[in-house]
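Structural overview
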Amino acid sequence: MLVTICTIRQLPQALALGDSFCQSAANGTSASVVIGLADDPVHLPAGFVSPYPLVPIGELLSTEQLTTLSSVYTPTEFATACKPLFIKEIFRRYPQSDRLLYADPNIQFVGPLTPVWERLATANTLLTPFITRHPGQAGAIDTQWPDEKFFQNVGLYSADFLAFRRSAETDRLLTWWDDRVRERAYIDFCAGLCLDQLWLMHVPVFFLDVVVVRNPGWHVALWNLPERTLRQQGTNWVADGPAGQNQPVPFVNFKGLLNPDEGFFPYQNRVRISERPDAATLLTTYRQALSRYKSLLVELIEPAYGQKPEPVVLRGWRHTTVKSLRSITRFFDQVKL
Amino acid sequence: MTLAFTICSINYLAQARTLGDSLRQTNPAYQYVIGLVDKLSTANLPAELVPDYPMIEVDQIGIPDFAAMCDRYDITELNTAVKPFFIDYFYKTSPDATEVIYFDPDIIVFQPLTALNEALTNYSLVLTPHTCSPTPDWERPNEQHHLNTGIFNLGFIGLRNDITARQFVNWWKDRLVYECRIDLCAGLFVDQQWVNFAPVYHDNVLIDHHVGYNAAYWNLHERYFSQNDAGEWIIKNQKTLDTDSGSRPTSTESAQPLLFFHFSGYNPDRPDEISKYQTRYGFANQDVAKAGKSGRYVDRPEQQRPDVRPLFDLYRERLLANYNEQYRPYPCVYIKPPVVRRYQRVRKLLKTPFNRVISLLESR
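The residue numbering used here restarts from 1 in each chain and proceeds along that chain's sequence as written. As they are written, the chains are lettered A onward and the ligands numbered 1 onward, keeping that order. Local features are withheld for residues below a pLDDT of 70 in this predicted model, meaning they are given only at 70 or higher, and side-chain atom pairs are given and counted only at 80 or more; totals for whole chains, interfaces and linings count all residues.

Take the overall build of chain B next. To qualify as a helix, a DSSP run of H or I must reach at least 4 residues; to qualify as a strand, a run of E must reach at least 2; elements of each kind are numbered from the N terminus. Along chain B, the regular secondary structure elements total 14 helices and 14 strands. Principal axes of the C-alpha set define a box for chain B whose edges measure 65 × 55 × 45 Å. Counting every position in chain B, which comprises 364 residues, the buried fraction comes to 44%. The burial label depends on the number of other C-beta atoms within 10 Å of a residue's C-beta. Counts of 20 or more mean buried, 12 or fewer mean exposed, and intermediate counts mean partly exposed, with C-beta atoms placed from the backbone.

Spelled out as structure tokens, the structure:
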């Protein structure tokens, strides 16, 4: 089964994700999709009927808990603080499903999921790294961004895609993760915190049968395009990358591609989408998939939970100016007086 | 041949000798070398302080622009930054060294490392996590600290001399030339945090969960110590009644031999403290508390670890026998006066107008 978590504003993406999962999962397996709503269903568009079951966060947390979490987090932090809880609860509510995929609403399944199910036959948990090799040239100073240090800040494994097999070990993992993340989902690099994601660094060490999938076909996304090339083979996509050649692409993450302000890398300068026709083709198809849900008109609905403001993404002269000003203040901090 | 090495300055040679002695006793086939971040010609050690182990001075291993590196780094950063350069040096100068193992100087090896030797025939790298299981509380160090400073403890790394390991070492060297600093906000913690990438960039990395490896203050919560009839140290993951009462454990369930213990942050002049870096445990037991003696956590039995006390006492004894007192006063030639940023208020004042403009531009 597939679980995603979204706010009302992200519903078109979550629904398109669900559709793509049903197409890709096929093979006779019943494809169930559940959407965790990190938002207040009161704000849903009038007359909206979801094709997939919606589980609002209000069913899992008391009003008091919601108010507390909402007051300390941004909407992004709030949604991730609830992620392990959603996964745990949905796994419990669907006892007939033994395999659960979590995918961010920005993800689309674009090919058969067979490789994922195969890996899950022996593994308890699957993780995908952001990058699988050094992004610069060996021996040269790398001036592009994001650099490896930034990945250390946000975590080396993406929390946008996770796969779990039902087991006592998975229960143990989800209970631990929920315990850590609920109150420690802040983005605060200096304190060693970054959403639900940085915590995943412990997962391959603390839990059994966790597999880190380095396959270049998996989790194709903005941040790993520089190390991968994609091409169409019939109706499917295949990828080449540092850890393999000609690998089928089961899913793609459009975070930061669809909306450059979203995600961890709004200032990335390693990829220009205009120079990547492969990614551009995938993005066009994705936009078409989303257009089905345009009529929902939810873009302007503010998330109900997460009272702290999201950090502002600056563009153009504002960004350049702030960068220069910061280098001046850094100079004042470090200059020997 | 397996080459085992450590890195230290002269003031830590008692530790390096203690490690060497333990390796000679338990793993006599290893060739042990001390990488010295110091100059013997300056120290001019008397005969009894010259260790019976080969020493290689850091300025002799061909680190490009080593002087600039010394300039950039403080002593902790420098001592850790040279690690992959030493490994690379051994790869190049000792081609018969098919495996290279690094140990921090403040380690004692207690057993033959048979399983490690075996692992290094199958894997390119062997790493040990700080802790194999969640930490029980938010005392120091806890899981969140490890997120900032590194999942694996780099007081130990085992490497085979193969293409993957050499690729890793070259990449690690490149990183440490400029970025072996402690700057948690920028994702940096000396050489250690970088090694999080090892299992992400390479397939052939073993994360060894054996609790006998790299036992230290950061994993005491999952490791309880006792000695068997033969006097060997064994580890259990549960505190058991019989070890509590001081008698020998009767059950061997989940017991593992202690392979090496890392006495990080221990000071033999403060024999009542486990480590200056931790707040979770003290040695004291209830008898001490009843006797009205002082010590960390005398009032909290769950935070007392009398089981590890004999290990630390043993370490103290060995350090003293290895001339710890005599080595301590030698100043490292690479040490620099600490950088003090003075005039904080002036700096703040100068920054104010710039910070105002930044927050204006960042407001919606």
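Structure's up, so let's keep going.
What we call a nonpolar core is a set of buried Ala, Val, Leu, Ile, Met, Phe, Trp, Tyr and Cys residues whose membership is set by joining through C-beta atoms within 7 Å. By size, the foremost hydrophobic cluster in this structure holds 188 residues, and its most contacted members are Leu 125 and Phe 261 of chain B. Sorting elements by how many residues they give to this core places helix α1 (residues 11–25) of chain A first, with seven residues. A domain-level breakdown of this core finds at least three residues from each of domain 1 (2–216 + 319–327) and domain 2 (218–266 + 278–306) of chain B. An automatic or database domain assignment supplies the residue ranges for each domain.

Each residue gets a C-beta atom placed from its backbone, and two residues are in contact if those atoms lie within 7 Å. Contacts between the two partners involve 38 residues from chain B, matched on the other side by 37 residues from chain A. For the side of chain B that touches chain A, the leading source of residues is helix α14 (residues 344–362) of chain B, giving nine residues. Three categories are distinguished: nonpolar for Ala, Val, Leu, Ile, Met, Phe, Trp, Tyr, Cys and Pro, charged for Asp, Glu, Lys and Arg, and polar for the others, with Gly belonging to the last. Of the residues in the side of chain B that touches chain A, the class split is 21 nonpolar, nine polar and eight charged.

Residue and element names in this part refer to chain A. Each axis is a line fitted through C-alpha atoms, taken for helices only over the stretch in contact, and angles between the N-to-C directions span 0 to 180 degrees. Where helix α4 (residues 83–93) meets helix α7 (residues 168–181), the closest approach of the two axes is 8 Å, and the angle between their N-to-C directions is 150 degrees. Between α4 and α7, the crossing angle belongs to the class labelled roughly antiparallel. Helix-helix and strand crossings are classified by hand; for α4 and α7 the assignment is left-handed. Here Lys 83, Pro 84, Leu 85, Ile 87 and Lys 88 of α4 lie close against α7, whose contacting residues are Leu 174, Trp 177, Asp 178 and Val 181. Class assignment for the residues of the contact of α4 with α7 results in six nonpolar, no polar and three charged. Throughout this description, any angle smaller than 35 degrees is read as roughly parallel, any larger than 145 degrees as roughly antiparallel, any in the 65 to 115 degree range as roughly perpendicular, and the remainder as oblique. Less than a right angle of anticlockwise turn of the near helix away from the far helix marks a crossing as left-handed, whereas a clockwise turn marks it as right-handed.

On to unusual backbone geometry. Cis geometry marks the peptide bond from Trp 145 of chain A to Pro 146 of chain A; its omega dihedral reads 0 degrees. Counting through the fold element by element, Pro 146 of chain A comes out in the loop between β6 (125–129) and α6 (148–154). The amide bond that connects Arg 140 of chain B to the next residue, Pro 141 of chain B, takes the cis arrangement and shows omega of -5 degrees. Examined against the element boundaries, Pro 141 of chain B turns out to sit in the loop between β6 (125–127) and α7 (143–149).

This brings us to the confidence of the model for chain B. Residues and elements named next belong to chain B. Looking at chain B, pLDDT values average 92 and 92% of them are 70 or higher. Counting interchain partners and residues more than four positions distant, the pLDDT-below-50 stretch residues 241–252 has 13 contacts. Both scores are available for the predicted complex, with the pTM at 0.95 and the ipTM at 0.96. The predictor attaches a confidence to each residue, and that confidence, scored 0 to 100, is pLDDT.

Residues and elements named next belong to chain A. Burial analysis of strand β1 (residues 2–6) places five of its five residues in the buried class, which makes it a mostly covered element. Judged by which residues are buried, β1 turns out to be covered on both faces: Leu 2, Thr 4 and Cys 6 on one side and Val 3 and Ile 5 on the other are all buried. A pair of strands is treated as paired once DSSP finds two or more bridges between them. Pairing geometry for β1 and strand β4 (residues 99–103), over two bridges, is parallel. Bridge assignment links Val 3 to a residue of β4, and that residue is Tyr 102. Both β1 and strand β2 (residues 33–37) contribute to a ladder of five bridges, which runs parallel. Pairing of Leu 2 across the sheet is with Val 33, part of β2.

Below, the discussion takes up helix α8 (residues 163–178) of chain B. Residues and elements named next belong to chain B. Compared with an ideal rise of 1.5 Å per residue, which puts 16 residues at 22 Å, α8 spans 24 Å between its outermost C-alpha atoms and is within 8% of the ideal. All of the buried residues along α8 are Ala 165, Phe 168, Val 169, Trp 171, Trp 172, Arg 175 and Leu 176. In a view along the axis of α8, the buried residues occupy a sector of 165 degrees, so they form one face of it. Multiply 1.5 Å by the residue count of a helix minus one, and that product is the helix's expected span. In this description, the arc belongs to the directions extending from the helix axis to the C-beta atoms.

Residue and element names in this part refer to chain B. Spatially, β11-β12-β13 is the arrangement adopted by the three strands of the open sheet, whose pairing is antiparallel. The two strands at the open ends of the sheet, each matched to only one other strand, are β11 (224–227) and β13 (256–257). Pairing of strand β12 (residues 233–236) with β13, which is carried by two bridges, proceeds in the antiparallel orientation. Directly across from Ile 234, in β13, lies its bridge partner Pro 257.

To continue, consider the domain arrangement of chain B. Residue and element names in this part refer to chain B. Here chain B is partitioned into domain 1 (2–216 + 319–327) and domain 2 (218–266 + 278–306). Put simply, the middle of domain 1 and the middle of domain 2, counted by C-alpha atoms, are 27 Å apart. Counting from both sides, the interface comprises 25 residues of domain 1 and, opposite them, 21 residues of domain 2. Residues belonging to the side of domain 1 that touches domain 2 are distributed by class as follows: twelve nonpolar, nine polar and four charged.

All names here are of chain A. Side chains Trp 237, Ala 239 and Gly 241 project from strand β13 (residues 236–241) onto a buried face, and the interleaved Asn 236, Val 238 and Asp 240 project onto a face without burial. In this sheet, β13 lies alongside strand β12 (residues 229–233) in antiparallel orientation, the contact comprising five bridges. Of the residues in β13, the one forming a bridge with Leu 230 is Ala 239. The antiparallel hairpin formed by β12 and β13 contains two residues in its connecting segment, where Gly 234 sits at a positive phi of about 65 degrees. Relative to strand β14 (residues 244–248), β13 runs antiparallel, the two being bridged by three bridges. Residue pairing across strands places Ala 239 opposite Gln 247, the latter belonging to β14. In textbook terms, the turn of a hairpin is the stretch between consecutive antiparallel strands, and for β13 and β14 this stretch comprises two residues.

To continue, consider the environment of Tyr 297 of chain B. All names here are of chain B. Its location among the elements puts Tyr 297 in the loop between α11 (286–290) and α12 (309–321). Under the C-beta neighbour-count criterion, Tyr 297 is labelled partly exposed, with 17 such atoms within 10 Å. As a C-alpha pair, Tyr 297 and Arg 280 span 17 residues in sequence and 9.0 Å in three-dimensional space. Look past the residues within four positions of Tyr 297 in its chain and what remains in contact with it is Gly 282, Ala 284, Gln 303 and Gln 304.

This part is about the environment of Arg 172 of chain A. Residue and element names in this part refer to chain A. Tracing the backbone through its elements, the reader meets Arg 172 in helix α7. The exposure class of Arg 172 is partly exposed, given the 15 C-beta atoms found within 10 Å. With 114 residues separating them along the chain, Arg 172 and Gly 58 place their C-alpha atoms 24 Å apart.

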